[in-house]
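Chain residues, written in single-letter form:
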Amino acid sequence: FNDYHVRLGNSLWVKEPLIRFVQTQLRPNDIVGIMYPLTPVNDITFTRNQAQVVSAIENFEGRKFNYQPRNQFEEQYAFYPAATVERIRNQITMSALKAAAIRMGGLREGRKSIIFVSEGFTAALPPQLSDPVAAMPGLGNPNRGNSTATTDERYAWSSEIDMLTDMRDVFQTANTQNTSIYSVDPRGLAVFEYGINEGVGIQQDAAGLKSSLDTLHVLSNNTDGRAIVNRND
């Protein structure tokens, strides 16, 4: 559950299909663990108890672009610029994916699967959301609500390259551990990346949506998994 990269409303919507998957598609000998980006890998508990898994799904709550700290660790960087916090969140999530793959690789032989519930990674925030202080939305950001402001192309390009380099480490680790990543975009048939109240221009929004979807495809395609995106089924 990549709560760092799932909007609250979308996390509510995706619960029902995930629960239906657990109840109708899992085999009796399948074991399942639930993990968040900040879950210590040794705290992952694997179980065949479907009711326990369903209960965990029901508690899922996304907080994409919500930078209010929920623990002491997050308090350390809550007052960094929002763009910096996004990079930290990307790194934490990718580290969690690698740790999960390594943990499962030590459990059993054969193919393992990570069902990665996420709207994808954000390489570069648009100016409208690039607040100087992440935990104080809009404070000191002159581009809030300015739909004509756009991200510098060179900065966006270098951010994409850096993120793809980090992602390569993820799918190489997953492949070493015989683990496939199935990316599930809880937005369903996605039309926009940002909310209308965030004032991001249409072209910049479209570029952000494409970039986030591409990250899900890259993770899944390079681990013999599948990206379940742009569909409401």
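These numbers were taken from a predicted model, which means no experiment stands behind them.

> Break down unusual backbone geometry for me, citing the residues and quoting the values.
Positioned with a positive phi, Phe65 is a non-glycine residue whose angle comes to about 65 degrees. Position of Phe65 relative to the elements: it lies in the loop between helix 2 (50-58) and helix 3 (72-75). On the basis of relative accessible area, Phe65 is assigned to the buried category, the value being 14%. Here the phi dihedral of Asn230 falls at roughly 55 degrees; this positive angle occurs in a residue that is not glycine. Relative to the helices and strands, Asn230 is located in the segment after strand 3 (227-228).

> Kindly report on the sheet that holds strand 2 (residues 179-184), identifying the contributing residues and their values.
In space, the three strands of this open sheet follow the order 1-2-3, with parallel pairing throughout. Each end of this open sheet is capped by a strand with a single partner; those strands are strand 1 (112-117) and strand 3. Note that strand 1 and strand 2 share six bridges and pair parallel. Bridge pairing links Ser113 to Ser180 in strand 2.

> Could you give an account of the nonpolar core, naming the residues involved and the relevant values?
One finds Ile114, Phe116, Phe121, Ile181 and Leu219 to be the most contacted residues of the largest nonpolar core, which totals 24 residues. For this core, the leading source of residues is helix 4 (residues 82-105), giving six residues. When sequence neighbours within four positions are dropped, the list of residues in contact with Ile114 reads Leu97, Ala100, Ala101, Met104, Thr179, Ser180, Ile181 and Tyr182. Tyr4, Tyr77, Leu129 and Val200 belong to the second-largest nonpolar core, a separate cluster that totals 14 residues.

> For the packing of aromatic side chains, give the residues involved together with the corresponding values.
This model, assessed by the stated rule, comprises six aromatic pairs. Ring geometry for Phe73 and Tyr77: centres 5.5 Å apart, planes at 80 degrees, overall edge-to-face. Classification of Phe73 as partly exposed rests on a relative accessible area of 38%. Taking relative accessible area as the criterion, Tyr77 reaches 6% and is therefore assigned buried. Feature note: the residues Phe1, Tyr36 and Phe60 constitute an aromatic cluster, connected by ring pairs.

> A description of empty space enclosed by the protein should follow, citing residues and the corresponding values.
Applying the stated criterion across every chain yields a total of one cavity of 30 Å³ or more. The calculated volume of the largest cavity comes to roughly 60 Å³. Taken together, Tyr4, Arg63, Tyr67, Gln68, Pro69, Glu74, Tyr77, Ala78, Val85 and Arg89 make up the lining of the largest cavity. Residues that form the lining of the largest cavity fall into these classes: six nonpolar, one polar and three charged.

> So what's going on with the layout of surface pockets? Which residues, and what values?
The space that makes up the largest pocket amounts to roughly 1,500 Å³. As for the largest pocket, its lining consists of 50 residues, and the residues nearest its centre are Leu18, Phe21, Ile114, Ile115 and Phe116. When residues in the lining of the largest pocket are grouped by element, the largest group, nine residues, is from helix 1 (residues 8-25). Residue classes in the lining of the largest pocket are distributed as 31 nonpolar, nine polar and 10 charged. Counted as a void, the second largest pocket has a volume near 380 Å³. Along its surface, the second largest pocket is lined by 20 residues, and Ala156, Glu160, Gln204, Ala207 and Gly208 are the ones closest to its centre. Listed by contribution, the elements that provide at least two residues to the lining of the second largest pocket are helix 5 (153-176) and helix 6 (202-221). Tallying contributions element by element places helix 6 first for the lining of the second largest pocket, with eight residues. Its residues assigned to classes, the lining of the second largest pocket comprises seven nonpolar, seven polar and six charged.

> Which residues make up the packing of helix 5 against helix 6, and what values go with them?
Remark: helix 5 packs on helix 6, axes separated minimally by 10 Å, with the N-to-C direction vectors making an angle of 25 degrees. In terms of orientation, helix 5 lies roughly parallel with respect to helix 6. Between helix 5 and helix 6 lies a crossing whose hand is right-handed. Residues Glu160, Met163, Leu164, Met167, Val170 and Phe171 of helix 5 lie in contact with helix 6, whose contacting residues are Ser211, Thr215, Val218 and Leu219. Residue classes in the contact of helix 5 with helix 6 are distributed as seven nonpolar, two polar and one charged.

Each value, and the rule that gives it
Residues numbered from 1 in each chain as written. Predicted model: local features only at pLDDT ≥ 70, side-chain atom pairs only at ≥ 80, totals over all residues. Heavy atoms only, no water. Helix = DSSP H or I, 4+ residues; strand = E, 2+ residues; numbered from the N terminus. Buried < 20%, exposed > 50% of the residue type's maximum accessible area, 1.4 Å probe, protein only. Pairing = 2+ DSSP bridges. Core = buried A, V, L, I, M, F, W, Y, C linked by side-chain atoms within 4.5 Å. Contact = heavy atoms within 4.5 Å. Phe/Tyr/Trp six-rings, centres within 6.5 Å; stacked < 30°, edge-to-face > 60°. 1 Å grid on protein atoms, 1.4 Å probe; cavity = no way out; pocket = protein on both sides within 12 Å on 5 of 7 lines; lining within 4 Å. Points joined across faces, edges and corners; volume = space filled by probe spheres on them. Nonpolar A, V, L, I, M, F, W, Y, C, P; charged D, E, K, R; others polar. Axes fitted to C-alpha atoms, helices over the stretch in contact; angles between N-to-C directions. Parallel < 35°, antiparallel > 145°, perpendicular 65-115°, else oblique. Left-handed = near helix turned anticlockwise from the far one by under 90°.

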